[in-house]
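# Observations on chain architecture
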Number of protein chains: 2
Amino acid sequence: VFVFVHGGGFIMGDKRSEKGPFYRNVGDYAARQGWIGVVPTYPLAPDHPWPAGPEALRHVVDWIRRNVAQYGGDPDRIVLSGQSAGAVHVASYVAHPDYHVMPGGGVRGAVLMSGLFDTTAGEPNDNHRAYYGTDASKYAEANCMPGLLATHIPLCFTVSEFDPPAFQAEAARTVGAWGEVRGAFPEMHYLVGHNHLTPSQSLGTPVKDVEALLADFVGRVTA
Amino acid sequence: VFVFVHGGGFIMGDKRSEKGPFYRNVGDYAARQGWIGVVPTYPLAPDHPWPAGPEALRHVVDWIRRNVAQYGGDPDRIVLSGQSAGAVHVASYVAHPDYHVMPGGGVRGAVLMSGLFDTTAGEPNDNHRAYYGTDASKYAEANCMPGLLATHIPLCFTVSEFDPPAFQAEAARTVGAWGEVRGAFPEMHYLVGHNHLTPSQSLGTPVKDVEALLADFVGRVTA
């Protein structure tokens, strides 16, 4: 079961666009792989601030575990993925065991594309303030980095060659911290030629690098 | 012109093995790409300590620039590559302009596979002592990290999933430092399924991921 959580700076975005294929393309890709694709929406900020993200993911995982068998899916083989703010919401679930549906999180792995996980790094922008609020203690509570560095859930990160500098710096910081804490290199894929949006948007197109990367990761963690 | 510098912990290794295809396979790969392949040897430690590595690379680059045209190669389109200690020697050349054959280094890019570039990180092992000696000031002088973080030569790093922990930690440290200094993510490729030796050894086999990665990098920097 492959779950994809869209981005949009916490305040916008949808699982579908009126005039385009996004992100139906992700569910279609999952289906072509022989998986069950799940592409949820979630409550948006500012109406739904932190911790709306990990709460939404908890409901998603809980719903899948209860219902996916009737669609032919295996509730014990769920892989979460997300892009940008969607990656942050997935990371929030992974990194905060308080929101887990069961010990260990109930998922086999998580794909985190171009996310900002360390809420204590850099200055909050308008989107961050809309979601995390203005109380600094919320930022510490919402910080995904310590939980990502500690989790036993297999993670697959991506960063794009043409990601904005803040996202590239965050990915570099994540790798550096991972090396210090775990003495190893995380599964962080540098996507040549991609920008902030194209990794998930490439699914179903002739650009197959991200398709192959996801299929490999999903195959390994659900084997 | 694609140059490959073999590894071997500074004290061993060769451009050819009596009984195997390594590293003839790298030259063959280059030729199949339509490039000129150059696979040099170099003086080994302990008989030839630091700075024998960057000196050897200076001679290699100088020789190529003077002679490669008669073999059909373009002296202005040289890409260096190396693995393990070979990556360190290539990095030494890139990072230390004192050894450059001309301003800018005279090369279009460098591929650094599974190297240890920061001589001030971690405890030296027997191989390091054989090459860098026992004088701590040599380690500071030989350190590639500051020069790599400052160079304008395009770099392509690889780290392997099954690299020993010291190499993974070094790659993570490199990415973290790059992010701090450059505010960006370096071109560091995480090679799923590979170990310390297989990236260069995969060239010419049905495992095409590193072949494709190198061809893409070389194509971009020599365009």
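Here goes a summary of the coordinates provided. Just so it is clear, the model here is predicted, and its values are computed rather than measured.

What follows is about the environment of Val39(B). Position of Val39(B) relative to the elements: it lies in the loop between β2 (37-38) and α2 (52-67). What Val39(B) contacts, discounting residues up to four positions off in sequence, is Phe4(B), Lys15(B), Tyr23(B), Val26(B) and Gly27(B).

Residues and elements named next belong to chain A. Pairing is parallel across the open sheet formed by 6 strands, whose spatial order is β2-β1-β3-β4-β5-β6. Strands with a single pairing partner mark the edges of an open sheet, and in this sheet they are β2 (37-38) and β6 (188-195). Of the pairings in the sheet, the one linking strand β3 (residues 79-83) to strand β4 (residues 109-113) comprises 5 bridges and is parallel in character. Pairing of Leu80 across the sheet is with Ala110, part of β4. Each of β1 (2-5), β3, β4 and β5 (155-162) is contacted by helix α3 (residues 85-95), which is oriented at about 140 degrees to β3, the strand it contacts most. Where helix α9 (residues 209-222) meets the sheet, its contacts fall on β1, β3, β4, β5 and β6, and the angle it forms with β6 comes to roughly 160 degrees.

On to the pattern of salt bridges. Residue and element names in this part refer to chain A. In total, this model carries 18 salt bridges over all chains according to the counting rule given. Between Asp126 and Arg129 there is a salt bridge, with the nearest N and O atoms lying 2.7 Å from each other. With a gap of 3 residues between them, Asp126 and Arg129 both fall in helix α4 (residues 126-132), about one helical turn apart. On the basis of relative accessible area, Asp126 is assigned to the exposed category, the value being 57%.

We now examine the interface of chain B and chain A. Listed by partner, the interface residues are 20 residues for chain B and 20 residues for chain A. If you look at where chain B meets chain A, you find 0 salt bridges. On the surface where chain B and chain A come into contact, there are 2 residue pairs in polar contact (both at pLDDT 80 or more). Counting only elements with at least two residues in the side of chain B that touches chain A, the list comes to α7 (165-182), β6 (188-195) and α9 (209-221) of chain B. For the side of chain B that touches chain A, the leading source of residues is α7(B), giving 8 residues. Here the residues of the side of chain B that touches chain A are counted per class, giving 12 nonpolar, 5 polar and 3 charged.

Two modes of strand pairing occur in sheets, parallel and antiparallel, and in both the strands are linked by backbone hydrogen bonds. All names here are of chain B. Here 6 strands make up an open sheet; going across it, the order is β2-β1-β3-β4-β5-β6 and the pairing parallel. Edge positions in the sheet fall to β2 and β6, since each of these pairs with one other strand and no more. In terms of strand pairing, strand β1 (residues 2-5) meets β2 through 2 bridges, oriented parallel. Paired with Val3 across the bridge in β2 is Val38. Sitting on the sheet, α7 is in contact with β5 (155-162) and β6, with an inclination near 140 degrees to β5.

Cut-off values and rules
Residues numbered from 1 in each chain as written. Chains lettered and ligands numbered in written order. Predicted model: local features only at pLDDT ≥ 70, side-chain atom pairs only at ≥ 80, totals over all residues. Heavy atoms only, no water. Helix = DSSP H or I, 4+ residues; strand = E, 2+ residues; numbered from the N terminus. Contact = heavy atoms within 4.5 Å. Pairing = 2+ DSSP bridges. Axes fitted to C-alpha atoms, helices over the stretch in contact; angles between N-to-C directions. Salt bridge = Lys/Arg side-chain N within 4 Å of Asp/Glu carboxyl O. Buried < 20%, exposed > 50% of the residue type's maximum accessible area, 1.4 Å probe, protein only. Polar contact = N/O pair within 3.5 Å; in protein donor to acceptor, adjacent residues only side chain to side chain. Nonpolar A, V, L, I, M, F, W, Y, C, P; charged D, E, K, R; others polar.

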